[in-house]
Amino acid sequence: MKALVCNEYGPIENLKVEDVPSPSAGPGQVVVSIQAAALNFPDALMVQGLYQVKPALPFSPGAEFSGVVKAIGEGVDHVKVGDRVMALVPHGALAEECAVDARAVIPLPEDMDFATGAALLLTYCTSLHALKDIAKLAAGETLLVLGASGGVGIAAIEIGKLMGARVIAAASSAEKLALCREHGADETIDYVSEDLRGRLDALTDKRGVDVVYDPVGGTHSEAALRATAWGGRLLVVGFAAGDIPRIPLNLALLKERAILGVYWGDWARRNPKDQQAHLLQLLAWFRKQQIAPPVTEQIPLAGAAAALQRMAGRQLRGKIVVLPGA
Ligand SMILES: NC(=O)c1ccc[n+]([C@@H]2O[C@H](COP(=O)([O-])OP(=O)(O)OC[C@H]3O[C@@H](n4cnc5c(N)ncnc54)[C@H](OP(=O)(O)O)[C@@H]3O)[C@@H](O)[C@H]2O)c1
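Residues numbered from 1 in each chain as written. Predicted model: local features only at pLDDT ≥ 70, side-chain atom pairs only at ≥ 80, totals over all residues. Heavy atoms only, no water.

Caption draft 1: Here's a closer look at the overall build of the chain. When you go through the chain residue by residue, the secondary structure sums to 10 helices and 15 strands. By the compact-globule yardstick of 20 Å for 326 residues, the chain fits well, its C-alpha radius of gyration being 20 Å. Each of the three principal axes of the chain carries a C-alpha extent, and together these read 60 × 40 × 35 Å. Here the chain holds 326 residues, and the buried ones make up 53% of them. Long-range pairs, those at least 24 residues apart, make up 69% of the contacts in the chain between residues at least 6 apart in sequence. For the chain, the computed accessible surface area is about 14200 Å², with 52% contributed by carbon and sulfur atoms. (Helix = DSSP H or I, 4+ residues; strand = E, 2+ residues; numbered from the N terminus. Rg over C-alpha atoms; globule rule 2.2 N^0.38 Å. Buried < 20%, exposed > 50% of the residue type's maximum accessible area, 1.4 Å probe, protein only. Contact = heavy atoms within 4.5 Å. Areas by Shrake-Rupley, 256 points an atom, 1.4 Å probe, with all protein chains shown as cover.)

Structure (C-alpha cells):
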C-alpha cells in the first residue's frame, strides 16, 4: 500500500509517499481501508520532532480518518468487514490502510460522507471539551476565538454559538474571516491589520470578553487576556505561532481571571464516559445540521506533504482532507 512516510525527524518537505507493507489485523484490531484522512497542526509538529509525542521511526503521520473495515482480528465481534467507520489514532492515518484497536473505531453515520467523518473528531472534541468542561461557557457570555479560521477555531465558533455565546472571531486575513462568518461568527477582527485590544474594547463597550479560546499563543495571548472582563477565562489550547507566551500573573489577580490548560487527548483517555457523551452530542448536532466541519480542500496523498507545509506556514483555512485512493 502507499503511505506518507517520515523516515527521520526534520523538514516537512522530507516526507515521501512510499510503498510499504499492508498492515494485518492483530488480536483486538481491525484494518481499515482509508477513504479520507484530515490534517491537523500536530501532524506538522510531529514529523519535525517538535510535538510532545515522538513515534519510533519510520512512521506515517495523520491522526484522524474514515474508511471501510477491510479485515478484523481475533476477538473482534462488534465490527465487521465492510462497516463504514471513523477513528482517531496516534499516527498512521496518511496511508491507504491502517490497523487500529477495534474499540477505537466509531460507526460512520449513514448521512455522513467520508470527508466529513475524517474532519470531525479531533477538532470538535477538543473545542467541546474546552468550552464546556474547562471554560464552562454560559449562554449570553462573549467568546473570543483566536486563529479562528483553523481546524479547532471553526469548531470553537460553531460550538460557542450552539452554547448561546456571542462569538468574536480573530484571524489574519479577510478570506479567513469570511470563513469564520460562514460558520457563525457574530463579529470578526483581523489581528494583523487591526489592534486586537482596541477592537475588543469597542465591541464590548470596554466590558471585555468572558472567554478566550487560544490555539495560537505568541503575542496575541496577552492582549486577549488583558481584554477579558471580570472573571474572564483564557483557554490555553495550543501554540501555532510557535512562541509560548510568558504572561504576567498580576493580570489574573486584577480581575479574578483564570488561565486554564486544555489537553483533550489526555482528558478523553482519563474520562471515557464523558468523552462518549460528547461524541453523542456532536453526532446529534451533525444530524440536525448544527455543525458542519469546514472541509475546504480535498487532495491526493501525493499532495499531503505540501499541504502540511502550507499549514505550518499559515496558508490554510478550515480542514484539508487527504483522499489516499485519489
Ligand atoms: N490542547 C489540545 O487538546 C489540542 C487539540 C488539538 C489541537 N491543538 C493545538 O491547536 C493548535 C491549532 O491546531 P489546528 O489543527 O486547528 O491548526 P490550524 O488549522 O493550522 O489552525 C491554526 C491557526 O493558527 C494561526 N496561526 C497564527 N500564527 C501561526 C503560525 N506562525 N503558523 C501557523 N498558524 C498560525 C492560523 O490562523 P491566522 O493566520 O488567522 O492567525 C491558523 O489558522 C495547534 O497548536 C494544535 O497543536 C490542541
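Caption draft 2: Quick peek at the domain arrangement of the chain. For the chain, the domain assignment lists domain 1 (2-108 + 294-323) and domain 2 (123-265). The junction of domain 1 with domain 2 conceals about 1000 Å² of combined surface from both sides, 59% of it contributed by carbon and sulfur atoms. At the surface where domain 1 touches domain 2, the tally comes to 0 salt bridges. In terms of residue class, the side of domain 1 that touches domain 2 is built from 4 nonpolar, 4 polar and 3 charged. (Domains from an automatic or database assignment. Buried area = accessible area lost by both parts, 1.4 Å probe. Salt bridge = Lys/Arg side-chain N within 4 Å of Asp/Glu carboxyl O. Nonpolar A, V, L, I, M, F, W, Y, C, P; charged D, E, K, R; others polar.)

Caption draft 3: Summary view of helix 5 (residues 196-203). Those residues of helix 5 that sit buried are Leu196, Leu200, Asp201 and Leu203. Take helix 5 and look down its axis: the buried residues cluster within an arc of 170 degrees, on one side only. Contacts from the buried residues of helix 5 go to strand 8 (142-145), strand 9 (166-171), strand 10 (187-190), strand 11 (209-214) and helix 6 (220-226). Backbone geometry just after helix 5 places Asp205 at a positive phi near 50 degrees. (Arc of directions from axis to C-beta.)

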